[in-house]
Amino acid sequence: MPRKTAARPNGASGARPGAKPHARAVQGGPSGAHPAKQPVRVRVARPAAVGQSAPRHRTSASGLRAALIAFGFLLVFGLGAGYAFFWRDVQVTVNGASTSVRIGTPLDSFLEDNGYFGVAPGHLLSIGGNVITEDGGTRATVTFDGRSVAADAWTSEHLGDGSSIEVGPGADVEEGHTEETVEVAPQIEKQAGGAIQFVSQWGRAGKKTVWTGEVSGEQVDREVLEPAQNMVVSSLNVHPEGEGKYIALTFDDGPSGYTQRILDILAEKGAKATFFNLGSQVVGRPALAKAVLDGGNELASHTNQHMNLPDCDRDTLRSEISTSFDAIEAAVGSRPQMIRAPYGAFTDVEWARAGDLISCNVLWNIDTLDWKRPGAQAIVDGVLSGAYNGAIALMHDGGGNRDQDIEALPAIIDGLRAQGYELVTVSELMATDSRFPREVVEGAVKMPEGAVLPAA
Ligand code: NI
């Protein structure tokens, strides 16, 4: 609603309160005197015969008085006219429509008194682009005599005769923010499809700037200063280079009461295998773990308690791996780095949480399904029919009755040899394929200085 400097229709300005000083100055004047008449009346009223000097004095005094009165009148008239001139109403144009306003009215008062001519204010936006308050932006967008005038300059602009004002909706304003530089954790890129998984590129942290909204608390990434280097986990099947044919037999879940008989068969046949022992089993049978190594076989970890690792939290996962290494090291004097995760379950998360602890995770290409106890011949047939150069076969020397494995093993070894295979350990198998890094083959992987694990 219009208030003190409200624009009014043309011709209505004379009635407004602001025009009073104007009206009084022009019509009333100082006591309503008529300076043109008073000196005449004075001259007529004074007789010239009273004395020579007296009339002259009287004439002189009355002339001075008349001059003062005239001067006073002119002064007041001049002030009144000036006042009227400087406080007169003028016509301005707002969004194409003419309106009347007292000259010199500040732009901010004019806009406020006229309700910003109905335009909506802009929003206050968060740094994420969400509306924090509907009216927290600028109140209006104003063009004054062709110039765009920001809100903070409205007070210093004054309306004059013929001023032209365009008033549009307010602009959105973004909240304030703070900026900080933070580290960017690497991501993990895990390939799939191979029996042996290992880190082929370690992750390195990057840097980025992040804005935090002062009102909303929202956080927005602004600029990548230094990209992170992702951790890459390769997944390869072994493809032996050269002329030989190689295959690796593996035994899980031991050591157990069956392990020595399996070791005896291997020794008798002059063959090697790889044993993925449970740390918890090694603690009770350290001599069997040592016998595995002494027979020229490879000893690796099947974790400590055979938990499904994706169900473990970070600490439990790392403990399941390192505790098994500790147990093996205590039993045999050397510390392995190779694992076979129970059920083969080792996802991106496990790599991100514990990839620094291991050299590789070894799965299998031939599953004998021996744990189903399908009969010794089925186990033999499973290996011999599935064999190919570079394959890894899964069997068990613990976790249940392994009589069928023991019964099948001599025929498996003989049958593979008849097909031209050399039975080697998993590390020896990897060594036949130059795509496997030497530190992975040798179980001597160390996360480099400055490398970091992905966030998980
Ligand atoms: Ni197992």
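What comes next concerns the included structure.

The rules behind the values
Residues numbered from 1 in each chain as written. Predicted model: local features only at pLDDT ≥ 70, side-chain atom pairs only at ≥ 80, totals over all residues. Helix = DSSP H or I, 4+ residues; strand = E, 2+ residues; numbered from the N terminus. Buried ≥ 20, exposed ≤ 12 C-beta atoms within 10 Å, placed from the backbone. Contact = placed C-beta atoms within 7 Å. Pairing = 2+ DSSP bridges. Axes fitted to C-alpha atoms, helices over the stretch in contact; angles between N-to-C directions. Arc of directions from axis to C-beta.

1. Focus: the overall build of the protein chain
Right, so step 1: Broken down by element type, the protein chain carries 13 helices and 22 strands.
Right, so step 2: Within the protein chain, the proportion of its 456 residues that are buried is 33%.
Right, so step 3: Residue pairs in contact within the protein chain that sit at least 24 positions apart in sequence constitute 76% of those at least 6 positions apart.

2. Some remarks on the sheet that holds strand 6 (residues 147–149)
Think of a sheet as strands paired side by side through backbone hydrogen bonds, with each pair either parallel or antiparallel.
Right, so step 1: Taken together, the five strands give an open sheet; going across it, the order is 2-1-7-5-6, and neighbouring strands pair in mixed fashion. Sheet topology places strand 2 (97–102) and strand 6 at the edges, where each strand pairs with a single neighbour. Adjacent strand axes in the sheet meet at a mean angle of 35°, parallel and antiparallel pairs treated alike.
Right, so step 2: Both strand 5 (residues 140–144) and strand 6 contribute to a ladder of three bridges, which runs antiparallel. Each bridged residue has a counterpart across the sheet, and for Phe144 the counterpart in strand 6 is Arg147.

3. Concerning helix 5 (residues 259–269)
Right, so step 1: Three or more residues of helix 5 are buried, namely Thr259, Ile262, Leu263 and Leu266. Along helix 5, the residues classed as buried sweep out an arc of 100° about the axis, all on the same side.
Right, so step 2: Downstream of helix 5 by one or two residues, Gly270 has phi in the positive range, about 70°.

4. What about the environment of Ala354?
Right, so step 1: With respect to the helices and strands, the residue Ala354 is situated in helix 9 (residues 348–354).
Right, so step 2: Along the backbone, Ala354 and Ser319 are 35 residues apart, and their C-alpha atoms lie at a distance of 9.6 Å.

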